[in-house]
Amino acid sequence: MNTTFPLLSSLIFLPLIGALLLAMAPRTNARFIKVAALLITLVEFFLSLPLFFSFNEQTTAMQFTEHREWFPEWGISYYLGIDGISMLLVMLTTFLTILCVLCSWKSIEARIKEYYISFLFLETAMVGALCALDLVLFYIFWELMLVPMYLLIGVWGGPKRIYAAIKFFLFTMVGSVLMLLAILALYFHYGDQTGVYTFNVLELYKASIPVTKQYWLFAAFALSFAIKVPMFPFHTWLPDAHTEAPTAGSVILAGVLLKMGTYGFLRFAIPLFRDAAFAAVPLMSTLAVIGIIYGAVMCIMQTDLKRLIAYSSVSHLGYVMLGIFAFNMQGLEGGIYQMLNHGISTGGLFLIVGMIYDRRHTRMIADFGGLSKVMPKLAVFFMIVTLSSIALPGTNGFVGEFLILLGAFRSNIVFALLAATGVILGAVYMLWMFQRVMFGQLTKEANKSLTDLTKRETAILCAIVFFVFLMGLYPQAFFKKMNASAAGYLSFLQVKTASYAPEGNLVLKQVKAD
Amino acid sequence: MVVMIPELAFGWIIPEIIITLSAVLTLLMAAFRKKDGGYLAGAVSLTGAGLALVFTCFLWDSNTAIFNNFYNIDNFGTFFKALTLIVTLLVTLLSLRYVEREGMITGEYYSLLLFGTLGMMIMVSSYHFVTIFIGLELMSIAIYVLCGLLSNNPRSAEASLKYFLLGAFATAFLLYGMALVYGATGILDVREMANYIVSGRFYLTPPFMIGLAMLVVGFGFKTATVPFHMWTPDVYEGAPTSITAYMATGVKAAAFGAFLRVFYTAFLPYLAAWSNMLWLLAVLTMTVGNITALVQDDVKRMLAYSSIAHAGYILIAFVIGDRNFSSSIPFYVLVYTFMNIGAFAVIILLGQKDRPNTGIEAYTGLASHHPVIALSMAIFLLSLAGVPPLAGFMGKFYILSAAIKAKFYWLAVIGVLNSAVAAYYYLRVIMYMYFREAVTEVGRPDISPAYSLAIIVSVAALFYLGIFPRDILLIAEKSVSIFAQ
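Along each chain, residue indices are assigned from 1 in the same order as the chain's sequence is written. Written order determines the labels here, with chains lettered from A and ligands numbered from 1. Residues qualify for local features only when their pLDDT is at least 70, as the model is predicted, and side-chain atom pairs are given and counted only at 80 or more; totals for whole chains, interfaces and linings, by contrast, use all residues.

**Quick notes on the overall build of chain A**
Point 1. Helix and strand assignments come from DSSP, with helices taken as H or I runs of at least 4 residues and strands as E runs of at least 2, each series counted from the N terminus. Secondary structure summary: chain A contains 22 helices and 2 strands in total.
Point 2. Taken over C-alpha atoms, the radius of gyration is set against a globule rule of 2.2 Å times the number of residues to the power 0.38. In terms of overall size, chain A behaves like a compact globule, its C-alpha atoms giving a radius of gyration of 22 Å where 514 residues would be expected to give roughly 24 Å.
Point 3. Dimensions of chain A, computed from C-alpha atoms along their principal axes, come out at roughly 75 × 55 × 40 Å.
Point 4. Classification of the 514 residues of chain A by burial places 59% in the buried group.
Point 5. By definition, residue pairs are in contact when their C-beta atoms, positioned from the backbone, come within 7 Å. Relative to all contacts within chain A whose residues are 6 or more apart in sequence, the contacts with residues 24 or more apart total 80%. In this scheme the burial state of a residue depends on its C-beta neighbours within 10 Å: 20 or more other such atoms mean buried, 12 or fewer mean exposed, and anything in between means partly exposed; the C-beta positions come from the backbone.

Printed below as a string of structure tokens:
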């Protein structure tokens, strides 16, 4: 659907313009800067609502497309568009950014202007990467995400922030530059084959590439995205980056940036190199399951609250990867839905940890205990988000995880069984953590005088909990947006091989019976 | 005996004439003005370079050989001439205040700068070995002296002497190479040599091969290719920073221009003979340049090593031998010019008289006290690292496309991995600027409108070339159309 108003372009560049306007604001008026940043992110969110409500649920084609010439001799164009998969992720991005701005209200005191400018710049890059349908455009936005995140971790982060920031940047960059070479190789291959030299990814889907070459190209793309997801064994940057980043940085990192990796697999690595992707299923599923179990086991050992949640991200995204590589409707839709869930629940967890940290300035579990006595409201929200992370039925986590396990069962029982043990481990680490932090005796002096949630914090957590329940009890609202695109995606993949049969109706019946 | 003087040919070399006149004028100003009219000499220099640039742009799309084929006006030469004039303009801007500050002799400084530019312009505008050599020598001798102009600074004198001694050797290599090639082919004009080589009457002989190798050594020295790079860090560090900027950008541009012209016109039929050698040199240059830069604590020296690494990236495009894709070389050189001049401008900004402040500690906490300077430096460093949407990424992208198209996969992989390694030391400076709090007092930066103008122009150029590179890429493609069959 081609609209005359360039909605996607405005969504991408509005935060950038906002950042430039903020750059001109006086440094001394902190309140003005915060309110301005909040307004910009709110406008951005409301501007993205038409994407959700005017979304055409029947078609598998790209919507809200914008196609402009950029460098025609080279086949590079300014091509934007979204479908069911990316639209939901864009909504998640715009929603979480508001919460990030709100939660930084009191906790960032130094260089507030640069902080919000970096955040808005990051939002531009994220939305751009999600909407880009031209490989070079995508690559530009992908690399662009690195710089503001590097600054956010390195300037406003914790004690080991410099190490974490550099590790994050270099790790991700090495993967990305190899992906750049693969993009170029694909471009020239398609051009030599058909005479059409283009970076338009929808065109490039039609390329037929010899299988050996596909392995190399898929490996290059997969490396870059696997580092971002993060998949075992490329995950080592994650715990440091998450722990040392400021609260809002962790929220956006876990909530959105990690999803860029899985989105990259969905949009680029798998459809461009189908045979290699199918051949890689055992490897990818193995790594996913290792990630689930290893991440969960590491969580159990953690003494730092934030590091625990960081490793839980590794575990949760292992589920997403397992679902995606099951290559059936349940796995795919479960994987996409779990991407959204993880953003909400892990984002919520980081927000709560941030609120506790604002009061106590420590993240060590041993320093807490019995906090529910002094902060009952926080305890309630914390419990709900914890249960969402564990995937308790009624919360959003359950829908996603159940669908993923269903899909994985249909494609490979062994992986599904192993992954299911991860559910138990998930309950172990989360509940034990919750018990040590919130329940038990109020032994530490410092904990006795803590204040409960302020109105701002309550508002943030209400928004999170609202989505936990909405997505858990009425997931159809979101599934109907992605059904067509997911079905179209799977039928597109089936063109090459007939080993996995799509079952379009199963998931709809499943959800309707709720 | 009747001597024919083709008067009309002088119209073609108006830019060179303007530069010569400006050079002579500034020299006379140094001789006849009692007090040092520093700004006046700078103004003359700026005007001269600006006028020459305007006239050079008029020469676009012309194609003639003048002075009995000793000099050529074509798109390739025009592009590189314009580039060197842009370099001269920006360096003159930087020098306006820098020269005053450091107490250098102004008349001779600007005059030598302009003579150096003249040498560069001559070097890139000819197919004839002798003219190229004359241009090279003119440029080199001017720079040898310019390096040593920081009076009372032993490092500066050391730089000048080192450059002179090693440069003399390298020039000798270049000359022997030219002589051997002349001996093997009997021709000094590269275009005629190209015809001769493909005519079938020519076959590879040892003198020719040795001559070729020596030419690579000679050009490799000037472009700071490993293993002919040993002079670069010391000379760049010791020379006055504005001259370092001049050397890093202008000299490299001219040297690469002459290198490209000579090799792609005459020696492409024997690509296999020298391509492997250049492959090795490219890999060595990138790797050595990047790895040594990792451990540098002096930002000026670090930029010297980084310029070695960037020469390595440019050599990737040389190795490929693709006539059309060689347009990536002029484009990259242009992008590289703006990045480097900007970075050196910031280095000059942060120093004061007797306190050059080139160590990395001088950048600690820069972002909190001088956010605009820190932001500009961050932009230049990110562009050098190849982060989109800045021009450095576009340059690397174009060169990598050439490599992938010609199926030089390993070279491309080495190139991008080097790029990732390089990101570390560029990020290190950004880290010092943004992540650390200022501890030591480094004094007020030397802010002046001239520096700001140079920095603003560079930043704007980097964004323009990064986001809308199309027009300049098309110009670059036209400039290498001289190599088309």
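From this point, the narrative continues.
**A short note on the overall build of chain B**
Point 1. What chain B contains, in helices and strands, is 19 helices and 2 strands.
Point 2. Taken against the 2.2 N^0.38 rule, which gives 23 Å for 485 residues, the C-alpha radius of gyration of chain B at 22 Å falls within 12% of a compact globule.
Point 3. For chain B, the spread of C-alpha atoms along the principal axes amounts to about 70 × 55 × 40 Å.
Point 4. Burial statistics for chain B: of 485 residues in total, 61% are counted as buried.

**Regarding the interface of chain B and chain A**
Often, the extent of an interface is quoted as the loss of accessible area upon association of its parts.
Point 1. Listed per partner, the contact involves 21 residues of chain B and 23 residues of chain A.
Point 2. Broken down by secondary-structure element, the contributors of at least two residues to the side of chain B that touches chain A are helix H16 (391-405) and helix H17 (409-435) of chain B.
Point 3. The greatest single-element share of the side of chain B that touches chain A, amounting to 11 residues, is contributed by H17(B).

**Focus: the nonpolar core**
Point 1. If you look at the biggest cluster of nonpolar residues, it comprises 393 residues, and the most contacted ones within it are Met145(A), Leu181(A), Ala269(A), Leu322(A), Leu94(B), Leu381(B) and Met433(B).
Point 2. With 20 residues, helix H7 (residues 161-194) of chain A is the single largest residue contributor to this core.
Point 3. Excluding its chain neighbours within four sequence positions, the residues that come into contact with Ala269(A) are Phe218(A), Phe221(A), Ala222(A), Phe225(A), Gly264(A) and Ala277(A). Joining buried Ala, Val, Leu, Ile, Met, Phe, Trp, Tyr and Cys residues through C-beta atoms within 7 Å gives a set, and that set is a nonpolar core.

**Observations regarding the pairing of strand S1 (residues 63-71) of chain A**
Point 1. Two strands qualify as a pair provided that DSSP identifies no fewer than 2 bridges between them. Two strands pair when backbone bridges link them, and S1(A) and strand S2 (residues 76-82) of chain A are joined in this way by 6 bridges, in the antiparallel orientation. By the bridge assignment for S2(A), Arg68(A) is matched with Tyr78(A).

**Re the packing of helix H12 (residues 299-320) of chain B against helix H13 (residues 328-350) of chain B**
All names here are of chain B.
Point 1. Contact geometry for H12 and H13: axes closest at 11 Å, N-to-C directions at 175°. By the angle between their directions, the pair H12 and H13 is classed as roughly antiparallel. Across the interface between the two elements, Val-299, Lys-300, Leu-303, Ser-307, His-310, Tyr-313, Ile-314 and Ala-317 from H12 touch Ser-328, Ile-329, Tyr-332, Val-333, Tyr-336, Asn-340, Ala-343, Phe-344 and Ile-347 from H13.
Point 2. Class assignment for the residues of the contact of H12 with H13 results in 12 nonpolar, 4 polar and 1 charged. Helix axes are fitted only over the stretch in contact, all axes being lines through C-alpha atoms; the angle between N-to-C directions runs from 0 to 180 degrees. Roughly parallel covers angles under 35 degrees, roughly antiparallel covers those over 145, roughly perpendicular covers 65 to 115, and oblique covers all other angles. Polar here means any residue other than Ala, Val, Leu, Ile, Met, Phe, Trp, Tyr, Cys and Pro, which are nonpolar, and Asp, Glu, Lys and Arg, which are charged; Gly is therefore polar.

**Details of the environment of Gly369(A)**
Residues and elements named next belong to chain A.
Point 1. Positionally, Gly-369 belongs in the loop between helix H15 (329-360) and helix H16 (371-374).
Point 2. Judged by C-beta crowding, with 19 C-beta atoms within 10 Å, Gly-369 ranks as partly exposed.
Point 3. Ignoring sequence-local partners within four residues, the contact set of Gly-369 consists of Arg-436, Gly-440, Gln-441, Leu-442, Thr-443, Lys-444 and Asn-447.

**Side note on helix H2 (residues 30-53) of chain A**
All names here are of chain A.
Point 1. Under the 1.5 Å per step criterion, the end-to-end length of H2 is 35 Å for 24 residues, consistent within 8% with the ideal 34 Å.
Point 2. Along H2, the residues classified as buried are Ile-33, Lys-34, Ala-37, Ile-40, Thr-41, Glu-44, Ser-48 and Leu-51.
Point 3. For H2, the elements touching its buried residues are helix H1 (7-23), S1, S2, helix H3 (84-103) and helix H4 (112-131). Helix span is expected to be 1.5 Å times the residue number reduced by one.

**Here we look at the environment of Ala255(B)**
Point 1. Here Ala255(B) shows up in helix H10 (residues 241-266).
Point 2. Classification of Ala255(B) as buried rests on a count of 26 C-beta atoms within 10 Å.

**Some details on the packing of H10(B) against H12(B)**
Residues and elements named next belong to chain B.
Point 1. Following both chains from N to C, one finds H10 and H12 inclined at 10°, their axes separated by 12 Å at the closest point. In terms of orientation, H10 lies roughly parallel with respect to H12. Residue-level inspection shows Thr-241, Thr-244, Ala-248, Lys-252 and Phe-256 of H10 in contact with H12, the latter providing Lys-300, Ser-307, Ala-311 and Ile-314.

**Remarks on the pairing of S2(A)**
A regular strand places its side chains so that they alternate between the two faces of the sheet.
Point 1. In terms of residue burial, S2(A) counts as a mostly covered element, since 6 of its 7 residues are buried.
Point 2. Connecting S1(A) to the antiparallel partner S2(A) that follows it, the hairpin turn spans 4 residues, and Gly75(A) within it adopts a positive phi of roughly 80°.

**Regarding the confidence of the model for chain B**
Any region with low pLDDT has predicted coordinates that should not be read closely.
Residue and element names in this part refer to chain B.
Point 1. For every residue, the pLDDT score states the predictor's confidence, bounded by 0 at the bottom and 100 at the top. Here chain B shows a mean pLDDT of 89. Residues at 70 or above account for 96%.
Point 2. By mean pLDDT, the top-scoring element of chain B is helix H5 (residues 129-147) (94), and the lowest-scoring one is helix H14 (residues 366-369) (82).
Point 3. The complex model carries a pTM of 0.90, and its ipTM stands at 0.88.

**Looking at the confidence of the model for chain A**
Point 1. Mean pLDDT over chain A stands at 88; residues scoring 70 or higher make up 96%.
Point 2. Note on residues 496-514 of chain A: pLDDT under 50 across the span, and 27 contacts to partners over four residues away in sequence or across chains.

**Considering the environment of Gly348(A)**
Point 1. Looking at where Gly348(A) falls in the secondary structure, it is placed in helix H15.
Point 2. In sequence terms Gly348(A) and Gly255(A) are 93 residues apart; their C-alpha atoms lie 9.2 Å from each other.

**Considerations on unusual backbone geometry**
Point 1. Along the chain, Val226(B) connects to Pro227(B) via a cis peptide bond; the corresponding omega equals 0°.
Point 2. Cis geometry marks the peptide bond from Pro388(B) to Pro389(B), where omega comes out at 0°.
Point 3. Within the secondary structure, Pro389(B) sits in the loop between helix H15 (371-385) and H16.
Point 4. Residues other than glycine seldom take positive phi values, yet Phe327(A) does so here, at roughly 55°.
Point 5. Along the polypeptide, Phe327(A) turns up in the loop between helix H14 (305-324) and H15.
Point 6. Positive phi outside glycine occurs at His361(A), with the angle close to 55°.
Point 7. Looking at the secondary structure, you find His361(A) in the loop between H15 and H16.

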